[in-house]
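Each chain, letter by letter, is given below.
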Amino acid sequence: MKIIVLFLLSWLMANAVYADQRLSDVRPGIPCDRIAETEKRLGSVAADVHGTQSTMRYTGTQGGEKATIIYHCDKGRLTEQTITVTSTTRDEAYRFAEEQKTALTKRLGEPVHDGLDLGIWKRLYFGFMGADLDYLLRVVVWGKKKEDAMLLIKETGVDQWEVSISQGSSKMEYILNS
């Protein structure tokens, strides 16, 4: 019995570690027909059986948390990937976002903008310049190019917070607000 429990625990931990590799394994520009194989290896399940060739949705894990993963393709190539984790409290969402920021920073280097750790002088500067501080304090960006990673926290309803990590999405909102 102990062997079975150990096997199950190690399998669950391995899936969590592999899921954290999703952002490095699945990058914009790869052929979309490789995504299903990668998500299967990561232990994810196709969530949208009626999806189109241009949009694929999976449920899986990211950082040990249940996640929804959405891929957008164009002409057989991945154009955008979004991983979303939902929390019921602001504290849970920010804890998870900090963990993901740390993991992404180890892999990608320091972000060009870190709203989760924005100093008082930068807040004053952005506020003086008329920037949307509500937005800038919830976003972490690793570059302004479309393929660069971005992390965003948002309140989507009563007792519902989302942390999304994306690659391939437009950084225009960040560029306009900074």
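Our structure's up above, just so we're on the same page.
Being a predicted model, the structure only gives us computed values, none of them experimental.

Draft legend 1. Structural detail: the sheet that holds strand β1 (residues 45–46). Pairing is antiparallel across the open sheet formed by eight strands, whose spatial order is β1-β2-β3-β4-β8-β7-β6-β5. Each end of this open sheet is capped by a strand with a single partner; those strands are β1 and β5 (113–114). Sheet analysis places strand β6 (residues 139–141) next to strand β7 (residues 149–157), joined by three bridges and oriented antiparallel. In the sheet register, Val 139 faces β7, and the bridge partner there is Leu 152.

Draft legend 2. Fine view of the environment of Leu 118. In this fold, Leu 118 is placed in the loop between β5 and α5 (120–128). Leu 118 sits 20 residues away from Arg 138 along the chain, and the two C-alpha atoms are 9.9 Å apart. The contact partners of Leu 118, leaving out residues within four places of it in the chain, are His 113, Arg 123, Phe 126 and Leu 137.

Draft legend 3. Structural detail: unusual backbone geometry. In the Ramachandran plot, Lys 75 falls in the positive-phi region, its phi being about 55° despite a non-glycine side chain. Locating Lys 75 in the fold gives a position in the loop between β3 (65–74) and β4 (77–87). Phi at Asp 159 is positive, roughly 55°, even though this residue is not glycine. You can see Asp 159 is positioned in the loop between β7 and β8 (160–167).

Draft legend 4. Expanded view of the nonpolar core. With 28 residues, the main nonpolar core has Ile 35, Tyr 71, Leu 78, Leu 151 and Ile 153 as its most contacted residues. For this core, the element with the most residues is helix α4 (residues 90–108), which contributes five residues. When neighbours within four sequence positions are excluded, Leu 151 is seen to be in contact with Ala 97, Gln 100, Lys 101, Leu 116, Arg 138, Val 139, Val 140, Trp 142, Val 163, Ser 164 and Ile 165. The next biggest cluster of nonpolar side chains, apart from the first, holds 10 residues, and it includes Leu 118, Phe 126, Ala 131 and Tyr 135.

Cut-offs applied
Along each chain, residue indices are assigned from 1 in the same order as the chain's sequence is written. Per-residue local features are limited, in this predicted model, to residues with pLDDT of at least 70; the limit for side-chain atom pairs, both in listing and counting, is 80 or more; totals at the level of whole chains, interfaces and linings are taken over all residues. Excluding hydrogens and water, the side-chain values take into account all heavy atoms of the structure. A pair of strands is treated as paired once DSSP finds two or more bridges between them. Secondary structure elements are taken from DSSP: a helix is a run of H or I of four residues or more, a strand is a run of E of two residues or more, and numbering for both begins at the N terminus. In what follows, a contact means two residues having at least one pair of non-hydrogen atoms within 4.5 Å. Here, nonpolar core refers to any group of buried Ala, Val, Leu, Ile, Met, Phe, Trp, Tyr and Cys residues whose side-chain atoms link them within 4.5 Å. The buried label applies to any residue whose accessible area, calculated with a 1.4 Å probe on protein chains only, is under 20% of its type's maximum; exposed applies above 50%, and partly exposed to all values in between.

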